Amino acid sequence: SSAAADSLLQHQSINAKALYTNNNIAFSGNIGAFVYDFSCGAEALWKSLKTNLQGVKDTSLIMVNNLTTGYLGGYVKPLLTYRTSSVRIEFQVPTGYYYAFIRRNKSTGIVTYKPGIYFTWYLTGKFMLSASAAIGKDAVDVDNIYVAGIMSGYRNILCGINDFAQSKSKSISVSVNYKDPLNGLFFNAGAARTWNKNPYISSQQFDNEYIISSYYKESHNTTADFLYGGITKNIDALGGPIKLDASYTRFNYNLMQSIVTSSSGGQGSPTAANKIKYVSSTLSISPHLTFHFSSWLNTEYMLNYQHSTLKFADQKATSHNSYNQRLDLNFVVGKNITFQLVTEHYHTELGGARSKDMLLQDFMLQWKVNKSLSINLYAYNFFNKKEYAYTVFSGSTSVSSSYRIRPRNIMAGFLWSF
């Protein structure tokens, strides 16, 4: 592509400097079953960003960043805790006021606050229930203030905002926790939801084979859901624990999207931006098993599986599966020889009907000749695989990568101790 050809001439320089300070004091006390904690402080941030992007042709982007931004302000964090033998309730109201600035452009006063309540109930010595709720206005993300493009890849360009954007958020969560060490049983599960009101919508523009990710000023709401759980049980007959972790995340977002149509002179004009609603979700499952069948063999197996789904409004959902698994076999031959066999398998879908599987095999042998001498032998990537490919999903974007890996290599060594 022309973008790939231009990448040979692309050059980007980034010079970022930051100075941050945070000084605070705190005191606490109690009145009966109530404990109070109070802290306050002052913080300041000064940040300088200078960038220069060259070699990106036929776009309307600003290529040079030269700005100073930061803030100066103070905050208070009062916390009141009620505690008994079975119940703990915390109520906190962190609040701050900051003077934020962008050099030669604008400045403003910013108020942040996020009151929250946190509840913990110890039903028994083994079982605990927790819940929380919070609402507030978040601080300004200073790292997102810049106006010119910054390349994150030969086709991907990031642009920030030139404003003090604050998001409003609400969140609730609940969780349970059970632990029985004597019987080797542990369990936890939880759920959470967040609501955010953002002054900017993420924007994606396709401009002469470049993907420009920026922001469009328009207030909009997003939600996110989280579910997670895990259980661990020690099995005496197997000589080790069995563990299973699972999680599910779901995001509801908005995206502004437009396409730049090129003119005969090379410079183009964008089409009308369309607001697109989409839902992104990820399911992760991770079992982990450890077996000690005998004194001469230890076994460990791990699997990480992910199922990602992306659905735009009025369109059919697309999904992506990937997993990797690992099997460790450790053999102990007598008192002096240890042999380890490690097998790894990777599977990823690259888009469409294409998928990639790769099997890696490693061997490790250690022979302890005597108290002073040990001889080691290692064989990595025994099947001599040459390439590894994978696909990463992030929001509405998928990125497929492929790179060469180190071929088969065998090493021998010894360790002599006096």
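Presented here is a report on the structure given in the accompanying data block. Predicted model, so just to flag it, every value in this text is computed and none were measured.

What counts, and where the lines are drawn
- Residues numbered from 1 in each chain as written.
- Predicted model: local features only at pLDDT ≥ 70, side-chain atom pairs only at ≥ 80, totals over all residues.
- Heavy atoms only, no water.
- Helix = DSSP H or I, 4+ residues; strand = E, 2+ residues; numbered from the N terminus.
- Buried < 20%, exposed > 50% of the residue type's maximum accessible area, 1.4 Å probe, protein only.
- Contact = heavy atoms within 4.5 Å.
- Areas by Shrake-Rupley, 256 points an atom, 1.4 Å probe, with all protein chains shown as cover.
- Core = buried A, V, L, I, M, F, W, Y, C linked by side-chain atoms within 4.5 Å.
- Polar contact = N/O pair within 3.5 Å; in protein donor to acceptor, adjacent residues only side chain to side chain.
- Salt bridge = Lys/Arg side-chain N within 4 Å of Asp/Glu carboxyl O.
- Phe/Tyr/Trp six-rings, centres within 6.5 Å; stacked < 30°, edge-to-face > 60°.
- Lys NZ or Arg CZ within 6 Å of the ring centre and 35° of its normal.

**Focus: the overall build of the chain**
Step number 1: Check the secondary structure of the chain and you find one helix and 24 strands.
Step number 2: Relative to its 418 residues, the chain shows a buried fraction of 31%.
Step number 3: When contacts within the chain are restricted to residue pairs at least 6 apart in sequence, those whose partners lie at least 24 apart make up 56%.
Step number 4: Split by element, the accessible area of the chain, about 24600 Å² in all, is 58% carbon and sulfur.

**Topic: the side chain of threonine 81**
Step number 1: Mapped onto the elements, threonine 81 comes out in strand β3 (residues 64-83).
Step number 2: Leave out the neighbours within four places in its chain, and threonine 81 touches Ala33, Phe34, Val35, Arg88, Ile89 and Glu90.

**Describing the nonpolar core**
Step number 1: Among the nonpolar cores identified, the biggest contains eleven residues, and these are Leu45, Tyr71, Tyr75, Tyr98, Ala100, Ile102, Ile110, Val140, Val142, Ile145 and Phe164.
Step number 2: No other element matches strand β5 (residues 95-102), which puts three residues into this core.
Step number 3: Among residues more than four places away in sequence, those in contact with leucine 45 are Ala18, Leu19, Tyr20, Thr69, Gly70, Tyr71, Phe101 and Val142.
Step number 4: Counting nine residues, the second largest nonpolar core, distinct from the first, contains Leu53, Val56, Met63 and Ile157.

**Details of the environment of methionine 364**
Step number 1: Mapped onto the secondary structure, methionine 364 falls in strand β20 (residues 354-368).
Step number 2: A sequence separation of 13 residues divides methionine 364 from leucine 377, and the C-alpha atoms of the two residues are 5.9 Å apart.
Step number 3: Setting aside residues no more than four positions away along its own chain, methionine 364 makes contact with Thr338, Phe339, Gln340, Val342, Leu377 and Tyr378.

**Some thoughts on the environment of threonine 348**
Step number 1: Relative to the helices and strands, threonine 348 resides in strand β19 (residues 337-351).
Step number 2: Between the C-alpha atoms of threonine 348 and tyrosine 323, which are 25 residues apart in sequence, the distance is 6.6 Å.

**Structural notes on the environment of serine 247**
Step number 1: Residue position: serine 247 is located in strand β14 (residues 240-262).
Step number 2: For the pair serine 247 and phenylalanine 226, spaced 21 residues apart in sequence, the C-alpha separation works out to 7.4 Å.
Step number 3: In this structure, serine 247 is in contact with Leu227, Tyr228, Thr282, Leu283 and Ser284, ignoring residues within four places of it in sequence.

**With respect to the side chain of glutamine 340**
Step number 1: Tracing the backbone through its elements, the reader meets glutamine 340 in strand β19.
Step number 2: Among the polar contacts made by the side chain of glutamine 340, one reaches the side chain of asparagine 330 at a distance of 3.3 Å.

**Topic: the pattern of salt bridges**
Oppositely charged side chains can form a pair if their charged atoms are brought close together.
Step number 1: Under the definition given, this model contains eight salt bridges.
Step number 2: For the salt bridge of aspartate 163 with lysine 217, the shortest nitrogen-to-oxygen distance reads 3.1 Å. Of this pair, aspartate 163 sits in the loop between β10 (156-158) and β11 (168-180) while lysine 217 sits in strand β13 (residues 210-235), and the two are 54 residues apart along the sequence.
Step number 3: For aspartate 163, a relative accessible area of 16% translates into the label buried.
Step number 4: In this structure lysine 217 comes out as exposed when scored by relative accessible area, which is 58%.
Step number 5: Taking the shortest distance from any N to any O, the salt bridge between aspartate 328 and arginine 326 comes out at 2.8 Å.
Step number 6: Classification of aspartate 328 by relative accessible area gives buried; the value is 6%.
Step number 7: Judged by relative accessible area, arginine 326 falls into the partly exposed class, the value being 29%.

**A short note on unusual backbone geometry**
Step number 1: Its identity as a non-glycine residue notwithstanding, asparagine 381 has a phi of 50 degrees, on the positive side.
Step number 2: Relative to the helices and strands, asparagine 381 resides in the loop between β21 (373-380) and β22 (387-394).
Step number 3: For asparagine 381, a relative accessible area of 6% gives the class buried.
Step number 4: Residue asparagine 384 is not a glycine yet carries a positive backbone phi of 60 degrees.
Step number 5: By secondary structure assignment, the location of asparagine 384 is in the loop between β21 and β22.
Step number 6: Judged by relative accessible area, which is 23%, asparagine 384 ranks as partly exposed.

**A few points about the packing of aromatic side chains**
Step number 1: If you walk through the whole model with that rule in mind, you get 14 aromatic pairs.
Step number 2: A centroid spacing of 6.1 Å and a plane angle of 70 degrees characterise the contact between phenylalanine 382 and phenylalanine 383, whose relative ring orientation is edge-to-face.
Step number 3: One aromatic cluster is present, built from ring pairs that chain together Trp296, Phe331, Phe339, Phe363, Phe382 and Phe383.
Step number 4: Directly above the aromatic system of tryptophan 195 lies the positively charged group of lysine 170, at a separation of 5.7 Å from the ring centroid.
Step number 5: The aromatic ring of phenylalanine 382 is capped on one face by arginine 408, whose charged end is 5.9 Å from the ring centroid.

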